[in-house]
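Here is what each chain is made of, one letter per residue.
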Amino acid sequence: MRFGNLNKIFILLFLILFFCNCKQGTNQKESSNYNNFVTSNKNIAGAQKVKKLFYNVPSPLEMASILSKAGVVYKPELLNKPENKSKYLTISQLALNFGVYGADLSFARLMDKVQEAIKYLSIIRKISDDLGIPQDQGEYTINRLEENIENRDSVLQIISDTYYSTDSYLKNNERADAAAMIVLGGWIEAIYIATNVIDEKNPDKDILNCIAEQKFSLNNLIDLINEYKTNKDLNKLAPLLLNLKTIYDKIEIKYSNNEVINDKQNKTTTIKSKEQIIVTIEQIKEIKKITTNIRKIIIQ
Amino acid sequence: MKINVCINYFLIFCFTLLFINNSYSQCKNFAKNSCLSNLKPFIFNGQLNNAILCEGDVAELSLTFIGNQSYRIFVCYQEPLKNVEFTLLDNDNNPIFSNKENNYINYWDFVSTSTQQLTVEVKVPKEKSINDMTQTGCVSILVGFLK
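The residue count restarts for each chain, going from 1 along the sequence in the order it is written. Labels are handed out in written order, letters beginning with A for the chains and numbers beginning with 1 for the ligands. Reporting of local features is limited, given that this is a predicted model, to residues whose pLDDT is at least 70; pairs of side-chain atoms are given and counted only at 80 or more, and all residues count toward the totals for whole chains, interfaces and linings.

Enquirer: Break down the overall build of chain A for me, with residues and values.
Expert: The helix and strand tally for chain A stands at 10 helices and 5 strands. Counting all 300 residues of chain A, 42% fall into the buried class. Taking the intrachain contacts of chain A between residues at least 6 apart in sequence as the baseline, contacts between residues at least 24 apart amount to 67%. Per the convention used, a helix needs a DSSP run of H or I reaching at least four residues, while a strand needs a run of E reaching at least two, with both numbered from the N terminus. Whether a residue is buried, exposed or partly exposed follows from its count of other C-beta atoms within 10 Å of its own C-beta, namely 20 or more, 12 or fewer, or something in between, respectively; the C-beta atoms are built from the backbone. We call two residues in contact whenever the C-beta atoms placed from their backbones are within 7 Å.

What follows is the structure, given as structure tokens:
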């Protein structure tokens, strides 16, 4: 009889362990120590519950690309000074400024400021070491960056690899909150640059729209940051981002003439629509004020 | 005899633990080893969206497409998962694209003439398996952009 019970215990343990990672429709919130996901009760078309949610925000590289396409001019005095690096000691300071300097590096290189880019590259290398990212993950890509700094296309690919290696390493080592901080730092730096370059008396429409369109990215950024409520440094910045959101919520973006064109041969879908952005220079000034404040906290 | 049975059960228990731990470890490097190269010439946005999903599970990725910039969505997954579906939804949850209508191809390129908030919904279908076991595997959603 005793042995029969032991049988049942083993079978039960076996079944629990085998199926425990396949629970569906759970109401519990899983800890976000592996990738930036949460378990949610969100319904899709009233049918299935979403098990994992991810939020992507334009990376520092993509933000720099957006700025350069919008015609933002390069003003080195706006970028974070390299000598500020010595102030960054905690993981949070390092991660946030990895994002900031990453945006500066990407922007400098996209604007063909090679010497500036090399300067920011050395800062990124030092921060990478300070964050404890192993040399085989960080060093290799940074060495490749040095060797290819003159070749713009190679540099962009290598910067992308660097971000991925860093993001991947941090998430795989229970530091997904630090990975989120990198994204936050880079995004804030890009908005700061754009709002400080725009001529408030005669604003360039492309730059104005570029700033306004970040309304969507901000929402994703806030959702991303909200997953790390135990991080006190992110908790300090969260209310400031919500403050920024109150301004962005007033910016209207309307769409008309929506059309979806599928090209099966080229495996491409074009989403056509006419966008109307209603934004005032006063709103941009407010965004500039709040962003400058957030950036000041990050880089001080 | 009874001791042998105990040992057998113990070994099964240990192998199961090993299997589960191995699944998580494999997922960690899955995107890098098996998927990233498929994004080229698009530049990876650098953000890891990996998860272990079972049949019937749904994952969502919320992102912004900047106007007039080309993107590639690549959904990479491990065997024994099959025919993983992905759908691109607009801000009102209207489907823009589904790979179910395109032979379950695991990537597609997009360009939007205006900046839009979109969602990539990934669903692992329930397949009939011989031994009726729920299949599980790593799923990675990768996003690349063209500069």
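Don't stop here, the text continues.
Enquirer: Any details on the overall build of chain B? Residues and values, ideally.
Expert: Of regular secondary structure, chain B possesses 1 helix and 9 strands. Sequence-ordered secondary structure for chain B, helices as α and strands as β, is α-β-β-β-β-β-β-β-β-β. The buried share among the 147 residues of chain B stands at 42%. Taking as baseline every contact in chain B between residues at least 6 positions apart, the subset at least 24 positions apart corresponds to 79%.

Enquirer: Go over the nonpolar core, please, and point to the residues and values.
Expert: Any nonpolar core is a set of buried residues, restricted to Ala, Val, Leu, Ile, Met, Phe, Trp, Tyr and Cys, that join up through C-beta atoms within 7 Å. Formed by 117 residues in total, the largest nonpolar core has its most connected members in Leu67(A), Ala194(A), Ile73(B), Val75(B) and Val139(B). Excluding residues that lie within four positions of it along the chain, Ala194(A) makes contacts with Leu67(A), Val72(A), Ile207(A), Cys210(A) and Ile211(A).

Enquirer: Lay out unusual backbone geometry with the relevant residues and their values.
Expert: All names here are of chain B. Residue Pro41 is reached from Lys40 by a cis peptide bond, and omega for that bond is 10°. Looking at the secondary structure, you find Pro41 in the loop between α1 (2-35) and β1 (43-44). In this model, Glu79 is joined to Pro80 through a cis peptide bond whose omega is 10°. The topology assignment puts Pro80 in the loop between β4 (70-77) and β5 (85-89). Within the chain, Asn68 stands out as a residue other than glycine whose phi angle is a positive 65°. Judged by the 11 C-beta atoms lying within 10 Å of it, Asn68 is exposed. At Asn83, a residue that is not glycine, the phi angle is positive and equals roughly 50°.

Enquirer: For the pairing of strand β6 (residues 95-98) of chain B, give the residues involved together with the corresponding values.
Expert: All names here are of chain B. Here, strands pair whenever DSSP counts at least two bridges between them. Judged from the 3 bridges that link them, β5 and β6 form a sheet pairing that is antiparallel. Bridge pairing in β6 links Leu89 to Pro95. The antiparallel hairpin formed by β5 and β6 contains 5 residues in its connecting segment, where Asn93 sits at a positive phi of about 65°.

Enquirer: Can you explain the sheet that holds β5(B)? Please cite residues and give values.
Expert: Ordered in space as β3(A)-β3(B)-β8(B)-β5(B)-β6(B), the 5 strands form an open sheet in which the pairing is mixed. Each of the sheet's edge strands pairs with one partner strand only, and the pair in question is β3 (52-55) of chain A together with β6 of chain B. Ignoring which end each strand starts from, the neighbouring axes of this sheet average 20° apart. Axes, fitted as lines to C-alpha atoms, cover a helix only where it is in contact. Angles between the N-to-C directions of the axes lie from 0 to 180 degrees. Against the sheet, helix α8 (residues 205-225) of chain A touches β3 of chain A together with β3 (58-65) and β8 (116-123) of chain B, its axis set at about 140° to β3(B).

Enquirer: Tell me about the confidence of the model for chain B, and please be specific about residues and values.
Expert: Residues and elements named next belong to chain B. A score between 0 and 100, pLDDT records how confident the predictor is in each residue. With 82% of its residues at a pLDDT of at least 70, chain B reaches an overall mean of 85. Confidence scores differ between elements of chain B, with α1 showing the lowest mean pLDDT of 66 and β5 the highest of 97. For this predicted complex, the interface confidence reaches an ipTM of 0.84, while the overall pTM sits at 0.82.

Enquirer: Just give me the short version of the packing of helix α7 (residues 176-197) of chain A against helix α10 (residues 281-299) of chain A, but keep the residues and values in it.
Expert: In a packed pair of helices, the relevant descriptors are the angle between the two axes and the axis-to-axis distance. Residue and element names in this part refer to chain A. At a minimum axis distance of 9 Å, the contact between α7 and α10 shows a crossing angle of 135°. With respect to each other, α7 and α10 are oriented oblique. Between α7 and α10 lies a crossing of left-handed hand. Only Ile284, Ile287, Lys288, Thr291, Thr292, Ile294, Arg295 and Ile298 of α10 make contact with α7, whose side of the interface consists of Gly185, Ile188, Glu189, Ile191, Tyr192, Thr195 and Asn196. Amino acids outside the nonpolar list (Ala, Val, Leu, Ile, Met, Phe, Trp, Tyr, Cys, Pro) and the charged list (Asp, Glu, Lys, Arg) are all regarded as polar, and Gly is one of them. Its residues assigned to classes, the contact of α7 with α10 comprises 7 nonpolar, 5 polar and 3 charged. For classification purposes, an angle smaller than 35 degrees is called roughly parallel, one larger than 145 roughly antiparallel, one from 65 to 115 roughly perpendicular, and anything else oblique. For a crossing to be left-handed, the near helix must be turned anticlockwise from the far one by less than a right angle; the clockwise case is right-handed.

Enquirer: Which residues make up the environment of Ser98(B), and what are the values?
Expert: Residue placement: Ser98(B) occurs in strand β6. Between the C-alpha atom of Ser98(B) and that of Phe74(B), which follows or precedes it by 24 residues, the distance is 13 Å.

Enquirer: Pulling in residues and values, what's your account of the confidence of the model for chain A?
Expert: Residues and elements named next belong to chain A. Taken over all residues, the pLDDT of chain A has a mean of 82, while the share at 70 or more is 81%. Taking the mean pLDDT of every element in chain A, the minimum, 36, falls on strand β1 (residues 43-44) and the maximum, 97, on α10. Between residues 23-47, whose pLDDT stays under 50, and residues either more than four places distant or in other chains, the model counts 46 contacts.

Enquirer: Explain helix α2 (residues 60-70) of chain A residue by residue, including any values.
Expert: Here α2(A) lies mainly inside the structure; 9 of its 11 residues are buried. Of all the residues in α2(A), the buried ones are Pro60(A), Leu61(A), Glu62(A), Met63(A), Ala64(A), Ser65(A), Ile66(A), Leu67(A) and Ala70(A). The elements touched by buried residues of α2(A) are α3 (91-110), α6 (152-172), α7 and α8 of chain A together with β9 (136-145) of chain B. Once α2(A) finishes, Gly71(A) follows within two positions and takes phi at roughly 90°, a positive value.

Enquirer: So what's going on with the environment of Leu53(A)? Which residues, and what values?
Expert: Tracing the backbone through its elements, the reader meets Leu53(A) in strand β3. With 171 residues separating them in the primary sequence, Leu53(A) and Leu224(A) have C-alpha atoms 9.7 Å apart.

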